[in-house]
Amino acid sequence: MSMSDSDTSSQGGDYKNFKQISRDRLLHEMLRSTKTGDSKSTWKVLIMDKVTIKIMSYSCKMAEITEEGVSLVEDIYRRRQPLPTMDAIYFIQPTKENVIILLSDMSGRAPLYKKAFVFFSSPISKELVNYIKKDTTVLTRIGALREMNLEYFAIDSQGFITDNERALEELFGDEESSRKGDACLNVMATRVATVFASLRELPFVRYRAAKSSLDANTMTTFRDLVPTKLAAGVWNCLVKYKSTIPNFPQTETCELLIVDRSIDQIAPVIHEWTYDAMCHDLLGMDGNKYVQEVSNVPSKTGGPPEKKEVLLEDHDPIWLELRHAHIADASERLHEKMTNFLSKNKAAQIHHNSRDGGELSTRDLQKMVQALPQYSEQIDKLSLHVEIAGKINKIIRDLGLKDVGQLEQDLVFGDAGTKELINFLRTKQDATRESKLRLLMIYAAIYSDKFEGDKGLKLMQLAQLTPEDMNAVNNMRLLEGSSDAKKTSSSPFSLKFDVHKKKHAARKDRSGEEETTWQLSRFYPMIEELIEKLSKGELAKNEYPCMNDPSPTFHGTSNPASIRSSQAPPVHSMRQRRTPTWARPRNSDDGYSSDSILRHASSDFKKMGQRIFVFIIGGATRSELRVCHKLTTRLKREIVLGSSSLDDPPQFITKLKLLTAHELSLDDLQI
């Protein structure tokens, strides 16, 4: 059983987004395909390893897995109870350890399961296939042996990670280790390639060129070659897929751009003011879990109110609508929603009136009971988000984050410099250590030459940073992508501003793109410009070469009319100025609020052009994920963001500190 091109590619058929395809493959192509012959109606056991369990949990809900006939989910590494009357589905990585356990489970006179349907998450080596074939007793008990080629984590409808959490340390650390780095890139390349195997897409593979290929005087370092090495690894996997996967396209169907964290050091540390980003930045959430206090449920012991975990995910329509909205906009909309809900909902109205001492009639009670289940669910969801927004707004006030955010953005757009930073550090004594650290990291990314020697040290001492925090600031230099950063300052996407730039000399407005925005939302990540240039065929070939060297006629725009014409920004400018106002018209369609996406999805997804994939080595940010949603609507092409991990600012800063902490790492004690 194999998927046809029309199921997945961006050419024809009912359009499914990236995450839907991943989910359908796991549920239908894998689980449902085992319902054959005598095992059609029987319940099965699903056995996975640590990686495939995560893959499954990101794409499918437990109820969906159960619906496909799975009654039990097991960890392959744990001791399991024999169930000789049941069939087992193995979804595992093709490692020797896993294959040995599989053979042990199914061999001998008393196998653990009746039959094994085996699906590997990535290509299996010939050696391991031969190893399985040698055991003839097991072969008769294997119902299927297939490569699923799905080894990525679908974290969003348009986003995935390869789960290389230590990629920043292993690829950009102070002590370069090509052995560790190559091993990390090999895993990453295999996992990125499985995205294209799943979608039956063959991309033009473009990547950020090493600085040494642009400037003969620049010495090549391992970290400078990271995008080139990953692009080569992905391309090697794709070439194999062309000859091994049925219905895999033989000509290019989409575009992939591979970059690393050096293209934008600011995005991971600046405060992003959207609801989603603020939740993860300020509330210390564990993934998408938020711990809510249930005030109307007192604890049985008479202590503080009970707490319950809630997931902020796509199944929550309020989250879906507000996650990419500015926090002030989200708060306003929540207030409106609560007011409208109370005025329109009968149960809520009756409930509200009864508080004022009014007697409830039998008819009122009947109406209330009829509306109650829906009322209860809606009020719970609204109350949850009102509580979250309230917490975030309180933290913003308590920590004085508006002033911090204003200075961050002024530094980025050249409206503030050293003088304003020093003034802030001297006058805002109550600013948190983290706020000051993030300001200095932004300053160091923009003006790295001013940070050399004593100047940088004095600024960090003025901010009263700890030695660990100073490490994080100093380690920004490791992400410059070149050992001689000064020579690269003329690059169109360099992280340097023109250090002689006068105040207010930001680049021109991109007319008609976004008429009004909220205060503190001028900042946008660099991938926004890169994706727009790629879509228009304007990305410089020498800076972003192509592995499979496309024909000169290819510009990547299958629907050029859908792209808004805008004046190309000046080459040396860093980021574009956006006009700040605190109130946006309520009917504005910014293209990236989720209600806008949902409104256009049903009709527009069917008219989508070729997909664009952007992969960032070293961690992506929520602002970059937001941009992909925004540009999907604007460019009429599904933009999928991939990365080694998705990092919120606290996580990214911790990883930066580790770049020069090798002597503390146990791994580095190994010879």
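Predicted model only: the values in this text are computed from it and were never measured. All chains use their own residue numbering, which begins from 1 and follows the written sequence. The predicted origin of the model limits local features to residues at a pLDDT of at least 70 and limits the giving and counting of side-chain atom pairs to 80 or more, whereas totals for whole chains, interfaces and linings rest on all residues. Here the side-chain values reflect all heavy atoms present in the structure, with hydrogen atoms and water set aside.

## Here we look at the overall build of the protein
Here comes step 1: Each helix is a run of H or I in the DSSP string that is no shorter than four residues. Each strand is a run of E no shorter than two, and both are numbered from the N terminus. Helix and strand counts for the protein come out as 25 helices and 13 strands.
Here comes step 2: Residue burial is assigned from relative accessible area. The probe radius is 1.4 Å, only protein chains are included, and a residue is buried under 20% of its type maximum, exposed over 50%, and partly exposed in between. Counting every position in the protein, which comprises 671 residues, the buried fraction comes to 55%.
Here comes step 3: Residue contacts are counted whenever heavy atoms from the two residues lie within 4.5 Å of one another. Taking as baseline every contact in the protein between residues at least 6 positions apart, the subset at least 24 positions apart corresponds to 81%.
Here comes step 4: Using a 1.4 Å probe, accessible areas were evaluated by the Shrake-Rupley method; residue-level cover was limited to the displayed protein chains. Carbon together with sulfur atoms contributes 52% to the accessible area of the protein, which is approximately 30200 Å² in total.

## Some thoughts on the sheet that holds strand S3 (residues 87-92)
Here comes step 1: Should DSSP find at least two bridges between two strands, the strands are taken to pair. With parallel pairing, five strands are arranged side by side in an open sheet as S2-S1-S3-S4-S5. A single partner strand is all that each edge strand has here, and the edge strands are strand S2 (70-75) and strand S5 (142-147). Each adjacent strand pair in this sheet contributes to an overall mean axis angle of 15°, direction not counted.
Here comes step 2: In this description, a line fitted to the C-alpha atoms serves as the axis of each element, helices being fitted only across the stretch in contact, and the angle between N-to-C directions of two axes falls anywhere from 0 to 180 degrees. Against the sheet, helix H2 (residues 18-31) engages strand S1 (44-48), S2, S3, strand S4 (116-120) and S5, with an angle of about 135° to S3.

## Here's the deal with the sheet that holds strand S13 (residues 639-643)
Here comes step 1: What the six strands build is an open sheet, ordered S6-S7-S13-S12-S9-S8; its pairing is mixed. Here the strands that pair on one side only, and so sit at the sheet edges, are strand S6 (153-156) and strand S8 (203-207). Averaged over all pairs of adjacent strands, the angle between their axes in this sheet comes to 25°, without regard to strand direction.
Here comes step 2: Pairing analysis gives five bridges linking S8 to strand S9 (residues 254-260), with the strands arranged parallel.

## Overview of the pattern of salt bridges
Here comes step 1: Here, a salt bridge means any side-chain nitrogen of Lys or Arg that lies within 4 Å of a carboxyl oxygen of Asp or Glu. The tally for this structure, following the rule as stated, stands at 39 salt bridges.
Here comes step 2: The closest approach of N and O atoms between Arg80 and Asp105, which form a salt bridge, is 2.8 Å. Of the two residues, Arg80 is situated in the loop between S2 and S3 and Asp105 in helix H5 (residues 96-106); the sequence distance between them amounts to 25 residues. For the pair shown, Arg80 and Asp105 are each scored as buried.
Here comes step 3: In this structure, the salt-bridge partner of Glu638 is Arg611, at a minimum N-O distance of 2.9 Å. Residue Glu638 is located in the loop between helix H24 (622-635) and S13, and its partner Arg611 is located in the loop between helix H23 (594-604) and strand S12 (612-617); the two are separated by 27 residues in the primary sequence. Of the two residues, Glu638 and Arg611, neither departs from the other in class, the shared state being buried.

## Focus on H2
Count 3.6 residues to each turn of an α-helix, and residues three or four apart come out pointing the same way.
Here comes step 1: Here the expected span of a helix is defined as 1.5 Å times the quantity of residues minus one. Look at H2: 19 Å from first C-alpha to last across 14 residues, which is about the 20 Å you get at 1.5 Å a residue.
Here comes step 2: Fitting axes to the seven residues that end at a residue and to the seven that start at it, the angle between those axes gives the bend at that residue. Maximum bend of H2: about 30°, positioned at Arg25.
Here comes step 3: Across the 14 residues of H2, 10 count as buried, placing the element largely inside the fold.
Here comes step 4: Taken together, the buried positions of H2 are Phe18, Ile21, Ser22, Asp24, Arg25, Leu26, Leu27, Glu29, Met30 and Leu31.
Here comes step 5: Backbone nitrogen of Lys19 and a side-chain oxygen of the N-cap are separated by 3.1 Å at the start of H2; the cap is Asn17. For this analysis, a polar contact is any N or O atom pair within 3.5 Å, provided that within protein one partner can donate a hydrogen and the other can accept it, and provided that sequence-adjacent residues contribute only side-chain to side-chain pairs.

## Examining helix H11 (residues 226-244)
Here comes step 1: If you check H11, its first and last C-alpha atoms are 27 Å apart, about what 19 residues at 1.5 Å a residue would give, namely 27 Å.
Here comes step 2: By the burial criterion, the buried members of H11 are Val226, Pro227, Leu230, Ala231, Gly233, Val234, Trp235, Cys237, Leu238 and Tyr241.
Here comes step 3: At its buried positions, H11 is contacted by helix H8 (167-172), helix H9 (178-199), S8, S9 and S12.

## Quick notes on the packing of helix H20 (residues 454-462) against helix H21 (residues 467-474)
Here comes step 1: Here H20 crosses H21 at 135°, and the two axes come no closer than 11 Å. By the angle between their axes, H20 is oblique relative to H21. Helix-helix and strand crossings are classified by hand; for H20 and H21 the assignment is right-handed. Residue-level inspection shows Leu457, Met460 and Gln461 of H20 in contact with H21, the latter providing Met470, Val473 and Asn474.
Here comes step 2: Under the grouping applied here, Gly and all other residues not named as nonpolar or charged are polar, the nonpolar ones being Ala, Val, Leu, Ile, Met, Phe, Trp, Tyr, Cys and Pro and the charged ones Asp, Glu, Lys and Arg. Tallied by class, residues from the contact of H20 with H21 come to four nonpolar, two polar and no charged. Under this scheme an angle from 65 to 115 degrees is roughly perpendicular, one under 35 degrees roughly parallel, and one over 145 degrees roughly antiparallel; angles in between are oblique. If you view the pair so one helix is near and one far, a crossing is left-handed when the near helix is turned anticlockwise from the far one by less than a right angle, and right-handed when it is turned clockwise.

## Digging into the confidence of the model for the protein
Keep in mind that low pLDDT regions are not for reading the predicted coordinates in detail.
Here comes step 1: Confidence scores here are pLDDT values: one per residue, from the predictor, ranging 0 to 100. Predicted confidence across the protein gives a mean pLDDT of 80, with 73% of residues reaching 70 or more.
Here comes step 2: Within the protein, no element has a lower average pLDDT than helix H1 (residues 5-8), which sits at 38, and none a higher one than S12, at 98.

## Let's talk about the packing of aromatic side chains
Here comes step 1: Stacked, edge-to-face and tilted are the three classes for Phe, Tyr and Trp ring pairs, Trp counted by its six-membered ring, which pair at centre distances within 6.5 Å; planes under 30 degrees apart are stacked, over 60 edge-to-face, the rest tilted. Scanning the model with the defined rule gives 10 aromatic pairs in all.
Here comes step 2: Both rings, one in Tyr90 and one in Tyr113, keep their centres 6.3 Å apart while their planes meet at 75°; by these two values the pair is edge-to-face. Here Tyr113 lies in the loop between H5 and S4 and Tyr90 lies in strand S3, a separation of 23 residues in the sequence.
Here comes step 3: On the basis of relative accessibility, which here comes to 1%, the residue Tyr113 falls in the buried class.
Here comes step 4: Aromatic side chains Tyr152 and Phe160 sit 5.9 Å apart centroid to centroid with 65° between the ring planes, which places their arrangement in the edge-to-face category.
Here comes step 5: Clustering of aromatic rings is evident, with ring pairs tying together Phe18, Tyr152, Phe160 and Phe615.
Here comes step 6: Both a distance and an angle decide whether a charge sits over a ring: NZ of Lys or CZ of Arg must be within 6 Å of the ring centre and within 35 degrees of the ring normal. Across from the ring centre of Phe153, 5.5 Å away, lies the NZ or CZ of Lys54, which sits over that ring.
Here comes step 7: In this arrangement the basic side chain of Lys96 is found over the ring face of Tyr131, its NZ or CZ atom lying 5.9 Å from the centre.

## Some thoughts on empty space enclosed by the protein
Here comes step 1: In this analysis the probe radius is 1.4 Å and the grid spacing 1 Å, with only protein atoms considered; a cavity is a set of points the probe fits into but cannot get out of, a pocket is an open set with protein on both sides within 12 Å along at least five of seven lines, and lining residues have an atom within 4 Å of a point. Grid points are joined across faces, edges and corners, and a volume is the space filled by probe spheres set on the points. In this structure the tally under the stated criterion is five cavities of 30 Å³ or more.
Here comes step 2: A volume near 120 Å³ is recorded for the second largest cavity.
Here comes step 3: Around the second largest cavity sit 15 residues that line it, and Ile270, Glu272, Ala277, Arg622 and Pro649 are the ones nearest its centre.
Here comes step 4: Those elements giving two or more residues to the lining of the second largest cavity turn out to be helix H12 (275-282) and H24.
Here comes step 5: Examining the composition of the lining of the second largest cavity, we find that three residues originate from one element, H12, more than from any other.

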